[in-house]
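# An overview of the molecular structure
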Amino acid sequence: MTDDTMKPRRPSGPLAAPGRIKEIASVSNPIVKDIRALAQKRHRDETGLFLVEGLKLVLDGIEAGWELKTLVVSKAALQGGSDVLTRAVSRAVGFGADVVEASAKVLEAIARRDNPQSAIGVFKRQLTPLARIRLEPGEVAVALDRVRDPGNLGTILRTADATGAKAVVLVGDCVDPFAIETVRATMGSIFAVPVVKAREAEFLEWRSGFAGTIVGTHMAGTVDFRDPDYASSATLLFMGNEQAGLSDQMAGACDVLVRIPQAGRADSLNLAVATGVMLFEARRGALTL
């Protein structure tokens, strides 16, 4: 098969038509350009699509029921007889997704890195409305005030998944949860934890009807983070911006402000680490080996 020749399955357009298998060797191909553009937030917002690198993460997304639009696979790995990759291609076609058999040059262009993964998926984004977040006593969710670092957000999503948190709520101007760096850091947990995006006013309105306890971390906190009775009510852990912490308005929305005691010269913890400490403490009674 030569570059850009097609095995027709259904009528189609770039990124949108289901069921096609297409071989591409040129980075100037329009489909490659469309996929590469998803590295930019503007194009993710316009299309509602995002990139997932790695065969395991792609399969995680399929298993979780997320809509796969396009699967880009390494032609060399496919020809090398990778059974897992071959099954992934079959599943993708069966679900109506396009499959692109790509050269190493094309994969490197899409991933923007040397030695890219053997598979890259283009998935449809999913966001959960804030109104749908309802917590039962003993359940925990996380809210983040203006989180800016994609690695931090990805790690928090992964930790929220590990501890059984019910959602991660992004309040105000936060980093995009579907940025490639964020998705990479989640190690697949982007598909497991409901993500909410809310304006500050929207969050405060929702907060007025929240029947549980909002526990915020703050340098002015006077309560040890281990003291609240997390098991007795629904809990929303509210974590602040990496540099500035919780804004005064968001701190005022909390029922209790806590601090994590420290014993060294460091005056603060990394946001993802602090959130992990809070989550494991809040879920202490629910987590068993």
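Above this text you will find the structure in question.
Below you will find a few notes about this structure. Just so you know, these numbers come straight off a predicted model, no measurement behind them. (Residues numbered from 1 in each chain as written. Predicted model: local features only at pLDDT ≥ 70, side-chain atom pairs only at ≥ 80, totals over all residues. Heavy atoms only, no water.)

## Considerations on the pattern of salt bridges
- With the rule as written, the count across this model stands at 16 salt bridges.
- The salt bridge partner of Arg 91 is Glu 63, with a shortest N-O separation of 2.7 Å. A residue pair is termed long-range when its members are at least 10 positions apart, and Arg 91 in helix H5 (residues 83-94) and Glu 63 in helix H3 (residues 55-63) qualify at 28 residues.
- The closest approach of N and O atoms between Arg 207 and Asp 255, which form a salt bridge, is 2.8 Å. In this pair, Arg 207 is assigned in helix H9 (residues 200-208) and Asp 255 in the loop between helix H10 (248-252) and strand E13 (256-259), connecting sequence segments 48 residues apart.
- By relative accessible area, which is 44% here, Asp 255 ends up partly exposed.
- By sharing partners, the salt bridges in this structure join Lys 41, Asp 45 and Arg 125 into a single network. (Salt bridge = Lys/Arg side-chain N within 4 Å of Asp/Glu carboxyl O. Helix = DSSP H or I, 4+ residues; strand = E, 2+ residues; numbered from the N terminus. Buried < 20%, exposed > 50% of the residue type's maximum accessible area, 1.4 Å probe, protein only.)

## Comments concerning the pairing of strand E9 (residues 195-198)
- One ladder, built from four bridges, connects strand E8 (residues 168-171) with E9; its direction is parallel. Its bridge partner being in E9, Val 171 is matched across the sheet by Ala 198.
- As a crossover connection, the stretch from E8 through helix H8 (residues 180-186) into E9 is right-handed. (Pairing = 2+ DSSP bridges. Right-handed = clockwise from strand over helix to strand, strands pointing away.)

## Quick notes on the side chain of Glu 281
- Relative to the helices and strands, Glu 281 is located in helix H11 (residues 271-282).
- Ignoring any residue separated from it by four or fewer positions in sequence, one finds Glu 281 in contact with Phe 225, Arg 226 and Tyr 230. (Contact = heavy atoms within 4.5 Å.)

## Observations concerning the pairing of strand E2 (residues 21-24)
- Side chains Ile 21 and Glu 23 project from E2 onto one buried face, and the interleaved Lys 22 and Ile 24 project onto a second face that is buried too.
- Note that E2 and strand E5 (residues 98-102) share four bridges and pair parallel. Its bridge partner lying in E5, Ile 24 is registered against Ala 102.

## Details of the packing of aromatic side chains
- Taken as a whole and assessed by the stated rule, the structure comprises 10 aromatic pairs.
- Ring centres 5.0 Å apart and planes at 85° place the aromatic pair Trp 66 and Phe 191 in the edge-to-face group. Note that Trp 66 is positioned in the loop between H3 and strand E4 (68-74) and Phe 191 in the loop between H8 and E9, a separation of 125 residues in sequence. Of the two residues examined, Trp 66 and Phe 191, each falls in the buried class. (Phe/Tyr/Trp six-rings, centres within 6.5 Å; stacked < 30°, edge-to-face > 60°.)

## Some thoughts on the packing of helix H7 (residues 150-163) against H11
- Interaxial distance between H7 and H11 falls to 9 Å at its minimum, and their mutual angle equals 15°. Taken together, the axis directions place H7 and H11 in an arrangement best described as roughly parallel. Classified by chirality, the crossing of H11 by H7 is right-handed. Side by side, H7 and H11 meet where Asn 152, Thr 155, Ile 156, Thr 159, Ala 160 and Thr 163 of the first sit next to Leu 271, Ala 272, Thr 275, Gly 276, Leu 279 and Phe 280 of the second. (Axes fitted to C-alpha atoms, helices over the stretch in contact; angles between N-to-C directions. Parallel < 35°, antiparallel > 145°, perpendicular 65-115°, else oblique. Left-handed = near helix turned anticlockwise from the far one by under 90°.)

## Points about unusual backbone geometry
- Although it is not a glycine, Arg 146 adopts a positive phi angle of roughly 55°.
- Along the chain, Arg 146 turns up in the loop between strand E7 (140-145) and H7.

## As for the nonpolar core
- One finds Leu 71, Phe 123, Leu 144, Val 168 and Met 278 to be the most contacted residues of the largest nonpolar core, which totals 53 residues.
- By residue number, the principal contributor to this core is H11, which donates six residues.
- Leaving out residues up to four positions away in the same chain, Leu 144 has contacts with Leu 153, Ile 156, Val 168, Val 169, Leu 170, Val 171, Cys 174, Phe 238 and Met 239.
- Counting residues in hydrophobic clusters, the runner-up holds 21 residues, among them Val 171, Val 196, Phe 203 and Cys 254. (Core = buried A, V, L, I, M, F, W, Y, C linked by side-chain atoms within 4.5 Å.)

## Overview of the sheet that holds strand E12 (residues 235-239)
- With parallel pairing, the seven strands of this open sheet are ordered in space as E9-E8-E7-E12-E10-E13-E11. Edge positions in the open sheet fall to E9 and strand E11 (223-224), since each of these has one partner strand only.
- Of the pairings in the sheet, the one linking strand E10 (residues 213-217) to E13 comprises three bridges and is parallel in character. Residue pairing in the sheet places Thr 217 in a bridge with Val 258 of E13.
- In the packing of H7 onto the sheet, the strands contacted are E7, E8 and E9, and the crossing angle to E8 comes to about 150°.
- Contacts from H9 reach E7, E8, E9, E10 and E12 within the one sheet, and its direction differs from that of E9 by about 110°.

## Structural notes on the packing of H3 against H5
- Look at H3 against H5: their axes get within 11 Å of each other, and the N-to-C directions meet at 35°. When the axes of H3 and H5 are compared, the crossing they make is left-handed. Residues Leu 55, Leu 59, Ile 62 and Glu 63 of H3 pack against Val 84, Leu 85, Ala 88 and Arg 91 of H5.
- Taken together, the residues that form the contact of H3 with H5 break down as six nonpolar, no polar and two charged. (Nonpolar A, V, L, I, M, F, W, Y, C, P; charged D, E, K, R; others polar.)

Everything listed here is a matter of geometry and, on its own, says nothing about what the molecule does.
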